[in-house]
Amino acid sequence: MRVPVRRLTVLYDADCPLCRHIRDWLARQRRLVPLDLVPAGSPEARRRLPGLDHGRTLEEITVVGDGGQVYRGPTAWIVCLWALAEYRPTAHRLSTPAGAPLARAAVLAAAKYRRAARRPDGSGDWGGRAYRTDDGWSYAPGTGWTFTGQAPRSSLPPACGGSCPAPD
């Protein structure tokens, strides 16, 4: 027997900038089904869903229905879209055999971003800095960012005459 879905709990990685962005986006949408946005692995998630593998929820997007339904990966993302007034038709298209590869690709791209955005120890936001021309980086639309090892002439000290190495 199928149980209707009247409410969904969306577990998101609170340490992931992309996940927080999607959480905020979901919170701004008009919903046909209420969404509870809860950090994965948090005390709140463990209290609400004691039988769930909370370690796995930090590895893969997980959505839980009020009837005990558990959705993971692409299906979880489709269910989130299904709960939104403006995106329910999109959810129906993504749930077809023709749309499933697109949903899978979106979830895989998000997972790849999450891995890249994590610190080497696996925690929190990536601690890297932005590329800056003052640090010896240059940008070209066709090739992207390139490290030249030398700051542009405009950022070199005036007494240098342009032949000094870039400052550390």
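Residues numbered from 1 in each chain as written. Predicted model: local features only at pLDDT ≥ 70, side-chain atom pairs only at ≥ 80, totals over all residues. Heavy atoms only, no water.

## Some points on the sheet that holds strand 3 (residues 62–65)
Next, step 1: Ordered in space as 2-1-3-4, the four strands form an open sheet in which the pairing is mixed. Of all the strands in the sheet, the pair left with one neighbour each is strand 2 (35–39) and strand 4 (70–72). Adjacent strand axes in the sheet meet at a mean angle of 20 degrees, parallel and antiparallel pairs treated alike.
Next, step 2: Summarising the sheet, strand 1 (residues 8–12) and strand 2 pair through five bridges and their orientation is parallel. Counted as the bridge partner of Val 10 is Leu 37 from strand 2.
Next, step 3: This element, helix 1 (residues 17–28), spans strand 1 and strand 2 of the sheet and lies at about 160 degrees to strand 2. (Pairing = 2+ DSSP bridges. Helix = DSSP H or I, 4+ residues; strand = E, 2+ residues; numbered from the N terminus. Axes fitted to C-alpha atoms, helices over the stretch in contact; angles between N-to-C directions. Contact = heavy atoms within 4.5 Å.)

## Topic: helix 1
The α-helix advances 3.6 residues per turn, and as a result positions three or four apart in sequence lie on the same side.
Next, step 1: Its 12 residues place the ends of helix 1 17 Å apart at the C-alpha level, agreeing with the 16 Å of an ideal helix rising 1.5 Å per residue.
Next, step 2: By the burial criterion, the buried members of helix 1 are Cys 19, Trp 25 and Leu 26. The buried residues of helix 1 occupy an angular sector of 120 degrees when projected down its axis, which confines them to one face. (Expected span 1.5 Å × (residues − 1). Buried < 20%, exposed > 50% of the residue type's maximum accessible area, 1.4 Å probe, protein only. Arc of directions from axis to C-beta.)

## Observations regarding the side chain of Thr 62
Next, step 1: Examined against the element boundaries, Thr 62 turns out to sit in strand 3.
Next, step 2: Reaching out from Thr 62, the side chain makes a polar contact with the backbone oxygen of Glu 60 at a distance of 2.9 Å.
Next, step 3: If sequence neighbours within four positions are ignored, Thr 62 has contacts with Thr 9, Val 10, Leu 11, Leu 52, Thr 57, Val 70, Tyr 71, Arg 72 and Ala 76. (Polar contact = N/O pair within 3.5 Å; in protein donor to acceptor, adjacent residues only side chain to side chain.)

## Considerations on the pairing of strand 3
Next, step 1: Both faces of strand 3 are covered, namely the face carrying Thr 62 and Val 64 and the face carrying Val 63 and Gly 65.
Next, step 2: Where strand 3 meets strand 4, three bridges bridge the pair, whose relative direction is antiparallel. Opposite Val 64, over in strand 4, you have Val 70 as the bridge partner.
Next, step 3: Once strand 3 ends, the chain turns through four residues before running back antiparallel as strand 4, passing Gly 68 with a positive phi of about 95 degrees.

## Side note on the pattern of salt bridges
Next, step 1: Using the criterion set out here, one finds six salt bridges in the structure.
Next, step 2: Note that Arg 48 is salt-bridged to Glu 44, the shortest N-O span being 2.6 Å. Taken together, the residues span about one helical turn, with Arg 48 and Glu 44 both in helix 2 (residues 43–48) at a distance of four residues.
Next, step 3: Classification of Arg 48 as partly exposed rests on a relative accessible area of 35%.
Next, step 4: Given a relative accessible area of 30%, Glu 44 falls into the partly exposed group.
Next, step 5: A salt bridge links Glu 60 to Arg 56, with the nearest nitrogen and oxygen atoms 3.4 Å apart.
Next, step 6: Because the salt bridges share partners, they merge into one network encompassing Arg 7, Asp 36, Glu 44, Arg 47 and Arg 48. (Salt bridge = Lys/Arg side-chain N within 4 Å of Asp/Glu carboxyl O.)

## Some remarks on helix 4 (residues 73–82)
Next, step 1: Burial of helix 4 is extensive: seven of the 10 residues sit out of reach of the surface.
Next, step 2: Burial in helix 4 covers these residues: Gly 73, Ala 76, Trp 77, Ile 78, Val 79, Cys 80 and Leu 81.

## Remarks on the confidence of the model for the protein chain
Next, step 1: The predicted model of the protein chain has a mean per-residue pLDDT of 78, with 67% of residues at 70 or higher.
Next, step 2: Low pLDDT, under 50, characterises residues 123–131; the predicted model gives this stretch 19 contacts beyond four residues in sequence or across chains. (pLDDT = per-residue confidence, 0-100.)

## Let's talk about the nonpolar core
Next, step 1: Among the nonpolar cores identified, the biggest contains 21 residues, and Leu 8, Leu 26, Leu 35, Val 63, Tyr 71 and Leu 81 are the most heavily contacted of them.
Next, step 2: Elements supplying a minimum of two residues to this core: strand 1, helix 1, helix 4, helix 5 (88–94) and helix 6 (100–117).
Next, step 3: Top element by residues in this core is helix 4. It accounts for six residues.
Next, step 4: Setting aside chain neighbours within four positions, we find Leu 26 in contact with Val 10, Arg 31, Leu 35, Leu 37, Cys 80 and Leu 84. (Core = buried A, V, L, I, M, F, W, Y, C linked by side-chain atoms within 4.5 Å.)

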